[in-house]
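Observations on the model geometry
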Amino acid sequence: MNSYKLSHLKQLESEAIHIMREVAAQFERPALLFSGGKDSIVMVRLAEKAFFPARIPFPLVHVDTGHNFEETIQFRDYLVKKLDAQLIVRSVQDSINKGTAVEEKGPNPSRNSQQTITLLETIEEFKFDACFGGARRDEEKARAKERFFSHRDDFGQWDPKNQRPELWNLYNGKKQVGEHFRVFPLSNWTEMDVWQYILAENLEIPSIYFTHRRDIVNREGTLLAHSPFITVMNGETVENKIVRFRTVGDMTCTGAVESEASTLEEIIQEVAAARQTERGTRADDKRSEAAMEDRKKQGYF
Amino acid sequence: MSQTTSTKESYSTESYLNMDLLRFTTAGSVDDGKSTLIGRLLYDSKAIFEDQLEQIEEVSKRKGKGYVDLSLLTDGLRSEREQGITIDVAYRYFATPKRKFIVADTPGHVQYTRNMVTGASTANLAIILVDARHGVIEQTCRHSIIASLLQIKHVIVCVNKMDLVDFKEEVFNTICSDYSNFASKLSIPDIRFIPISALLGDNVVDASDNMPWYKGGTLMYNLETVNISADLNFIDARFPVQYVIRPMNDKYHDYRGYAGKVEGGIFRPGEEVVHLPSGLSSKIKSVETIEGPLAEAFPPMSVTITLEDDIDISRGDMIVKPNNQPEVSQDIELMICWLNDKKMNTGGKYVIKHTTRDARCVIKDVRYKININTLNKIEDDKTIGLNDIGRIVIRTTTPLFFDSYSKNRATGSVILVDEFTNETVGAGMII
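Presented here is an overview of the structure given in this document. In this convention, every chain numbers its residues from 1, walking through the sequence in written order. As a convention, the first chain written is A and the first ligand written is 1, with the rest following in written order. Thresholds applied to this predicted model are a pLDDT of at least 70 for local features of residues and 80 or more for the giving and counting of side-chain atom pairs; totals over whole chains, interfaces and linings are not thresholded and use all residues.

Attention shifts here to the overall build of chain B. When its secondary structure is counted, chain B shows nine helices and 21 strands. Residue burial here comes from a neighbour count, namely the number of other C-beta atoms, placed from the backbone, that lie within 10 Å of the residue's own C-beta, with 20 or more meaning buried, 12 or fewer meaning exposed, and in between meaning partly exposed. Within chain B, buried positions represent 48% of all 431 residues. Contacts in chain B between residues at least 24 apart in sequence constitute 70% of all its contacts with a sequence separation of at least 6. Under the scheme used here, helices are H or I runs from DSSP no shorter than 4 residues and strands are E runs no shorter than 2 residues, and both carry numbers assigned from the N terminus. Whether two residues are in contact depends on their C-beta atoms, placed from the backbone: they are in contact if these lie within 7 Å.

Laid out in structure tokens, this is it:
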């Protein structure tokens, strides 16, 4: 027996830092995809740790759908300023204006799949060869098969049946011109790990994760925030409720949960007792049994 | 199905931050209930949520199954569900108040040896499933041989479907002794046997009322308590340099920090170290993290080391101790598992990745291939194709700093990459 034991969270942290340094060493133009959500906030903290005392050696990239929560955008700008990090923002609205993306029809168009177009355009514009994402394997079953270093062809597509085997801690980032990688340092983390890490590291997060009063539209069980992007339909009503959000996505598809959790400790207790996955509040995953797999194949996050 | 109650108290942050981590892999043949077992572990440890359960209940019903098919939880890809088989390694997560678990769920078909090797490469423990009705079969042997080759130190043999053999002790005992006979030629130091019924839950999380003759712990108890602290190497100090940190600002003008993961031994400030390949000595000035300097660094920590002297050090180099150095050579013997449809080309050149060092290598010779069902050597057919395992000799363009795989998994493993397709084609363990 020896006393040299690293707790599971420290092991996950070390693994993620190792992967970030591999990317910085193996690729020429990495970028960190930043949504302002809790997972990308943890990613930024890990990047800070990996390269301390130097600055984070890659930019943060935000693909702005135009349907964000205001609080998330404010938080993004605050964090970037605080860390003296580089931020690149590209917007789905610009892709729509250019004609490369087309707005969905219907009463509350989602810009979820349009996001992929803007993301791939951004990757091409800046010639990014590796993009960090905060996705975790526990989030969704198609993600459970994802590699840390996930190869994308020159159309940005994922081929789940033909992935490179990934052994030990040896990561193969070799690629042809035009191809790129998505890299997921948080692959082995669970939702609970992320929350416990945020608490342990005392990280700041956007206010919408905590309880607040908000006007809500109940759409087939999903509690959507009432916003200019939502059309209230026949039979639906706007109610003022005490809610918080478990994930941060577009206002058009991110459902709230009724909650009075006002501290990280209370959120953790709530997550521990929850009987629904966090993506259970995401309308974008409910479209079909393989919705995530299909979107990922096309180049989604 | 019963629920373990532990969740509330286990998520107090203090205990959560002290939990340790066990990575295990599961191997079994097509119908021996592997997915059901994993589904059971996830369900009973509360890692399955209502919406996931609702979804698989609905799909089970749609497919006309009379029960909730827990294997639907683990088979995530569309083509897997369509064909009812597992294609790729899937990673699953659950926790009890004592430990956090990462499960590499690997398919058991003959053609998927490469997936088993992949899943086993990071595992501390392997669960091998044996169908009580069929006993030790060829696939059991293959899975065990792979676990042994990959140096998994702990194996739990779960004799499943005990309900179908009336929970008879004799059946279990026969299988245990058959397996022990076979395993005597392997190098697995810790083998345990548990009679279970994954479908009914006997001895998975809760002790079985149907098998009072079994006195050992449940599967979950064994997973929670197996001692893995001796599995890492804390003796032979190895620090492969991964990345050089140079802030180049006013505050840290001449700062050079060597970032990497400790892959063996302990590193402390003030200790004398040697840099490879130069052989130059220096002293550790500091072991740094963003939280401040550390008194020591040990595996598997990611840290930054600074040295007293200015030595030209870059990625791929290694920092070690003067009286305990790895082998340094260009001629290396290894066991290779081939992962690609295109056969290995003897005499051909490949990119080799070892710790943080990249080189090229040529395959000089194939000593023999092994029959992965019997461990016998095959010397008349030396072609190494997909899913084959064999002993080979390579020569690298530049020396590697390595240990044998049995001494250190991290400094004893390599991957081979095809120079043209960039695919990872081989997984090697240095002898």
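There's more to say after this.
Turning to the interface of chain A and chain B, a few remarks are in order. Counting residues at the interface gives 58 residues for chain A, matched by 60 residues for chain B. The set of elements that each furnish at least two residues to the side of chain A that touches chain B consists of α1 (8–26), α2 (38–51), α6 (191–200) and α7 (264–273) of chain A. In terms of residue count, the dominant contributor to the side of chain A that touches chain B is α1(A) (10 residues). Of the residues that constitute the side of chain A that touches chain B, the class distribution is 25 nonpolar, 17 polar and 16 charged. Under this grouping Gly is polar, as are all residues other than the nonpolar Ala, Val, Leu, Ile, Met, Phe, Trp, Tyr, Cys and Pro and the charged Asp, Glu, Lys and Arg.

A separate point is the pairing of strand β13 (residues 302–307) of chain B. Residue and element names in this part refer to chain B. Of all six residues in β13, five are buried; the element is thus mostly enclosed. Whether two strands pair depends on DSSP finding at least two bridges between them. Direction of pairing for strand β9 (residues 257–261) relative to β13: antiparallel, over a ladder of four bridges. Looking across to β13, one finds that A259 is bridged to T304. Judged from the four bridges that link them, strand β11 (residues 281–289) and β13 form a sheet pairing that is antiparallel. Bridge pairing in β13 places S286 opposite T306.

Right, let's talk about the environment of N97(A) for a bit. Residues and elements named next belong to chain A. Summarising the element assignment, N97 is placed in helix α4 (residues 92–98). Residue N97 is classed as exposed on the basis of its 10 C-beta neighbours within 10 Å. Each C-alpha atom of the pair N97 and Q163 lies 35 Å from the other, and the pair is 66 residues apart in sequence.

All names here are of chain A. Spanning 15 residues, helix α5 (residues 112–126) covers 22 Å between terminal C-alpha atoms, matching the ideal 21 Å at 1.5 Å per step. Taken residue by residue, α5 has N112, Q114, Q115, T116, I117, T118, L119, L120, T122 and I123 as its buried positions. Where α5 terminates, the next one or two residues include K127, which has phi positive at roughly 55°. Expected span of a helix: the number of residues minus one, times 1.5 Å.

A word on unusual backbone geometry. With the exception of glycine, most residues fall at negative phi, and the peptide bonds are largely trans. Along the chain, F52(A) connects to P53(A) via a cis peptide bond; the corresponding omega equals 0°. By the element assignment, P53(A) lies in the loop between α2 and β2 (60–64). With omega at -5°, the peptide bond leading from P299(B) into P300(B) counts as cis. In this structure, P300(B) sits in the loop between β12 (292–294) and β13. One non-glycine residue with positive phi stands out, namely D84(A), at about 55°. Within the fold, D84(A) resides in the loop between α3 (70–83) and β3 (87–91). In this model, W168(A) sits at a positive phi of 45°, which is unusual for a non-glycine residue. Note that W168(A) resides in the loop between β5 (149–152) and β6 (180–183).

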